[in-house]
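# Close look at the chain arrangement
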Amino acid sequence: MPDRPIPLHQRVGALGYDLIMRGPEALYFGPKRRKLVRSLGGHVLEIGAGTGLSLSHYHSGATVVATEPDLASVARLLERAHDAPPDVCVVAADATRLPFADSTFDALVCHLALCTIPDPHAALAEAVRVLKPGAPVRFLEHVRSDGRFWSSVQDTLAPTWHRVASGCRLNQDTETIVRASGLHVERVQRAGGLIFPVRLIWARMPR
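If you're wondering where the values come from, they're calculated on a predicted model, not measured in any experiment.

### Describing the pairing of strand β1 (residues 43-46)
- Of the strand pairs in this sheet, β1 and strand β2 (residues 63-67) are connected by four bridges, and their pairing is parallel. When the sheet's bridge partners are listed, Val44 is paired in β2 with Val64.
- Bridge count between β1 and strand β4 (residues 107-111): three bridges; the pairing is parallel. Note that in β4 the partner of Glu46 across the bridge is Val109.

### A short note on the pattern of salt bridges
- Considering all chains together, one arrives at 11 salt bridges under this definition.
- Its salt-bridge partner being Asp106, residue Lys132 comes within 2.9 Å of it at the nearest N-O pair. One end of the pair, Lys132, is in the loop between α3 (120-130) and β5 (136-142); the other, Asp106, is in the loop between β3 (87-91) and β4, and 26 residues separate them in sequence.
- Assessed through its relative accessible area of 33%, Lys132 is described here as partly exposed.
- Assessed through its relative accessible area of 25%, Asp106 is described here as partly exposed.
- Overlapping salt bridges, with partners in common, bring together Asp146, Glu175, Arg179, Arg190 and Arg199 in one network.

### Observations concerning helix α4 (residues 148-164)
- Its 17 residues give α4 an end-to-end C-alpha distance of 24 Å, which sits within 8% of 24 Å, the value for a rise of 1.5 Å per residue.
- Approximately 50 degrees is the largest bend angle found in α4, and it occurs at Ala158, with the proline Pro159 only one to four residues beyond.
- When α4 is considered as a whole, its buried residues turn out to be Ser151, Val153, Gln154 and Ala158.

### With respect to a nonpolar patch on the surface
- Together, Leu157, Leu194 and Ile195 give the surface a local cluster of nonpolar side chains, amounting to about 230 Å² of exposed area.
- Here Leu157 is to be found in helix α4.

Rules and cut-offs
- Residues numbered from 1 in each chain as written.
- Predicted model: local features only at pLDDT ≥ 70, side-chain atom pairs only at ≥ 80, totals over all residues.
- Heavy atoms only, no water.
- Pairing = 2+ DSSP bridges.
- Helix = DSSP H or I, 4+ residues; strand = E, 2+ residues; numbered from the N terminus.
- Salt bridge = Lys/Arg side-chain N within 4 Å of Asp/Glu carboxyl O.
- Buried < 20%, exposed > 50% of the residue type's maximum accessible area, 1.4 Å probe, protein only.
- Expected span 1.5 Å × (residues − 1).
- Bend = angle between axes of the 7 residues up to and from the residue.
- Patch = residues over 30% accessible without salt bridge, like charges linked within 9 Å, V, L, I, M, F, W, Y side chains within 5 Å.
- Areas by Shrake-Rupley, 256 points an atom, 1.4 Å probe, with all protein chains shown as cover.

Here's what the structure looks like:
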């Protein structure tokens, strides 16, 4: 963490995110996170880890490197890292410029982050670079609606949503971006509603 103080609006934003997510996390997102990450072991990289809501769902045998560029979120991430079952190393880093060597990690996790990373294609290219051949990859992301009507609703709401939700792109076709990354998509589970459809994606690095 840098010595300079974190601006108040950023600290309020990180706290507000945790408060808003408390209910959805307990009832909806938390069980899905656990389903995706519980089996992962070895050295696991989580990009866009936010305030650390995934950390409690890893098993104790994993070692997790959690990256996040927002320093207010990093502060809360560090607090959660102390109580998490796995060993956790928190790194303040941009997902498009990861400070790790090629083929470093045994697995990768990205939950509700590709929608806010400015260049998701670059982030996934970096993920591919730092993963070992055959490494499992787990995504929990909201996506563009399949239906013409609901996708048009997303398009209408997207500019306002982008401003109020910290740059989140409501109508991004995230599943297509993942499929274009060079990762092998093994399984996709649909979840969520019409305006906010969610996908659980199991993928893997080519061998």
